Amino acid sequence: MAWFNLLSALAGMAGLTIGGGVGIPLQWLDGTVFDSYFWPGIILGFVVGGVQAIALAAHYRGYRLAWGLHAMAGLTMMIWIFAEIAIMLVWSPLQGIYFFTGLVQTCLSVLALGGWPRPLLGRYE
């Protein structure tokens, strides 16, 4: 999931900066602080993609902090999508997909950190 989110963030950055917004109407930025998709693309690549890259690096190096970083990376993806919708006041199915991937990444990492009750249907005593 982290690889998918990282590659998507980098592709999004390339499309928004080099690709000039990949056909997304500039009117969607009306009322925001941005006059082009360049800076949102930079933020997407370096913040969202950067957190994913850090989580992956920690994971492959075997650091105990890796699962916490994966949770943070998933939350960062969800916050990005939430902020994007709130700022532009536009929704697309692609945003739903990326919010879902962030949610799955966060949930899986929380489970890996021990957030799964054992036994699953056990009762408090």
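In what follows, the structure referred to is the one given above.
Residues numbered from 1 in each chain as written. Predicted model: local features only at pLDDT ≥ 70, side-chain atom pairs only at ≥ 80, totals over all residues. Heavy atoms only, no water.

Asker: I'd like a description of the overall build of the protein, backed by residues and values.
Answerer: Of the regular secondary structure elements, the protein holds four helices and zero strands. For the protein, the N- to C-terminal ordering of α and β elements is α-α-α-α. Its C-alpha atoms give the protein principal-axis dimensions of roughly 55 × 35 × 20 Å. The contacts of the protein with a sequence gap of at least 6 include a subset with a gap of at least 24, amounting to 63%. In the structure as shown, the protein presents an accessible area of about 8,100 Å², 72% of it carried by carbon and sulfur atoms. The averaged location of the 4 negative side-chain charges in the protein is 29 Å from the averaged location of its 4 positive side-chain charges. (Helix = DSSP H or I, 4+ residues; strand = E, 2+ residues; numbered from the N terminus. Contact = heavy atoms within 4.5 Å. Areas by Shrake-Rupley, 256 points an atom, 1.4 Å probe, with all protein chains shown as cover. Lys, Arg positive; Asp, Glu negative; His and termini not counted. Charge placed at Lys NZ, Arg CZ, Asp CG, Glu CD.)

Asker: Pulling in residues and values, what's your account of the packing of aromatic side chains?
Answerer: The tally for this structure, following the rule as stated, stands at three aromatic pairs. Measuring from ring centre to ring centre gives 5.9 Å for Phe4 and Tyr98, while their planes differ by 25°; the resulting arrangement is stacked. Taken together, the residues Phe4 in helix 1 (residues 2-17) and Tyr98 in helix 4 (residues 93-112) connect sequence positions 94 residues apart. A residue is classified by how much of its surface remains accessible, and Phe4, at 41% relative accessible area, is partly exposed. Classification of Tyr98 as buried rests on a relative accessible area of 19%. With centroids separated by 5.1 Å and ring planes inclined at 85°, the aromatic side chains of Phe38 and Trp39 adopt a geometry described as edge-to-face. Residue Trp39 is classed as exposed on the basis of its relative accessible area of 51%. (Phe/Tyr/Trp six-rings, centres within 6.5 Å; stacked < 30°, edge-to-face > 60°. Buried < 20%, exposed > 50% of the residue type's maximum accessible area, 1.4 Å probe, protein only.)

Asker: An account of a nonpolar patch on the surface is requested, with residue identities and associated values reported.
Answerer: On the surface, a nonpolar cluster with roughly 380 Å² of combined accessible area is contributed by Met1, Phe4, Leu94 and Ile97. The topology assignment puts Leu94 in helix 4. (Patch = residues over 30% accessible without salt bridge, like charges linked within 9 Å, V, L, I, M, F, W, Y side chains within 5 Å. Salt bridge = Lys/Arg side-chain N within 4 Å of Asp/Glu carboxyl O.)

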